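# Structure at a glance
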Amino acid sequence: MSSFLRPAVPGPHDPTATAGAPAPVMATATATLGRVPAQYRPISSHLAIAPPVSVVIPAMNEAKNLPHVFGTLPEWVHEVVLVDGNSTDDTVDVARALWPGVKVVEQAGEGKGDALISGFAACTGDIIVMVDADGSADGQEIVSYVSALVGGADFAKGSRFANGGGTDDMTPVRKLGNRVLCGIVNAKFGARYTDLCYGYNAFWRHCLDSIALDCTGFEIETLMNIRVVKAGLRVQEVPSHEYLRIHGMSNLRAVRDGLRVLKVILREKGVRRASRRGPAAGLNAPRGEVS
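Cut-off values and rules
Residues numbered from 1 in each chain as written. Predicted model: local features only at pLDDT ≥ 70, side-chain atom pairs only at ≥ 80, totals over all residues. Heavy atoms only, no water. Helix = DSSP H or I, 4+ residues; strand = E, 2+ residues; numbered from the N terminus. Buried < 20%, exposed > 50% of the residue type's maximum accessible area, 1.4 Å probe, protein only. Contact = heavy atoms within 4.5 Å. Areas by Shrake-Rupley, 256 points an atom, 1.4 Å probe, with all protein chains shown as cover. Pairing = 2+ DSSP bridges. Axes fitted to C-alpha atoms, helices over the stretch in contact; angles between N-to-C directions. Phe/Tyr/Trp six-rings, centres within 6.5 Å; stacked < 30°, edge-to-face > 60°.

## So, the overall build of the chain
Each helix and strand counted, the chain has eight helices and 12 strands in total. Counting the 291 residues in the chain, one finds 49% classified as buried. Pairs at least 24 residues apart make up 73% of the contacts formed inside the chain by residues separated by at least 6 positions. Working note: accessible area of the chain is about 13,600 Å², and carbon and sulfur atoms make up 55% of it.

Structure below.
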């Protein structure tokens with residue numbers, strides 16, 4: 001899907017508004033959002049987008065965290081898909097009260113990977129965003145991910161260690177492990193990642209046809225990062241800040257989970273960087289600007 005910027009939304013006599021012409025992915029809007037055509041979804045007084053955005057939130061017993069999570073989500077998202085992992089608290093009821101149109105998917109299997117795969121299948125948007133339910137992600141960053149995608153990327157990968165990113169929730173041991181595993185992936189697959197084990201990502205839905213997800217655990221995030229590179233998809237890192245979990249305890253265990261991630265890395269076959277698609281496939285390609 002192509003993208004471009006233009007100085008203003010066309011009026012009824014705009015010669016560029018040719019019948020049958022494809023709608024642009026992104027356009028600047030006038031100060032009066034009421035003049036934005038129906039195919040655009042207003043983000044601010046100066047920005048509107050056409051692609052519908054789906055947000056997938058896997059959750060299990062996260063009722064106390066959901067008010068914060070939903071409170072940071074932009075109103076302009078097309079849909080929110082909550083994948084409930086057989087919660088024993090009020091996760092589903094709280095979600096429906098906070099976002100009346102939320103689409104609830106009951107998870108049949110187990111694990112974060114299984115939950116995400118179920119959520120992706122239920123999405124109807126052109127862009128899919130992955131957001132954790134523990135309150136560690138800021139939903140207001142979604143606009144940066146969308147900007148990267150409409151600017152030409154296929155996969156927008158969140159990074160806590162890119163310039164502008166950060167984390168409040170990583171121990172020195174976890175930082176070291178992430179750095180080592182990230183280095184292995186970069187060397188083995190020709191990637192240029194600054195962060196590996198982070199679940200805040202966004203992508204065009206068509207990417208799912210190229211990466212064939214088959215992992216049920218949390219290591220699905222690493223698998224996705226590897227397979228988008230192997231598929232030659234254009235990847236853009238997006239600086240992101242990870243906050244502390246608000247309520248509850250994390251299930252992450254540095255050594256155990258690090259070994260699981262390493263197993264995923266080693267089972268995937270390497271790929272030469274030269275096989276990646278196009279000159280803009282690298283992570284350092286300029287991100288599309290919005291005004």
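## Describing the sheet that holds strand β8 (residues 155–159)
Read across the open sheet, the seven strands follow the order β6-β5-β4-β7-β10-β8-β11; overall the sheet is mixed. Each edge of the open sheet carries a strand with a single partner, namely β6 (103–106) and β11 (235–239). Neighbour-to-neighbour, the strand axes of the sheet open up by a mean angle of 20°, direction not taken into account. Pairing analysis gives five bridges linking β8 to β11, with the strands arranged parallel. Its bridge partner being in β11, Lys157 is matched across the sheet by Glu237. Each of β4 (53–59), β5 (79–84) and β6 is contacted by helix α2 (residues 91–98), which is oriented at about 170° to β5, the strand it contacts most.

## A few points about the packing of aromatic side chains
In total, this model carries five aromatic pairs according to the counting rule given. An angle of 25° between the planes, with centres 4.6 Å apart, marks the rings of Tyr145 and Tyr200 as stacked. Of this pair, Tyr145 sits in helix α4 (residues 142–150) while Tyr200 sits in the loop between α5 (172–189) and β10 (201–204), placing them 55 residues apart in sequence. Classification of Tyr145 as buried rests on a relative accessible area of 0%. Note on Phe155 and Phe203: the rings are 5.9 Å apart at their centroids and 10° apart in plane angle, and the pair reads as stacked. Of this pair, Phe155 sits in strand β8 while Phe203 sits in strand β10, and the two are 48 residues apart along the sequence. Just as Phe155 is buried, Phe203 falls in that class too. Site record: aromatic cluster; members linked through ring pairs are Phe120, Phe155 and Phe203.

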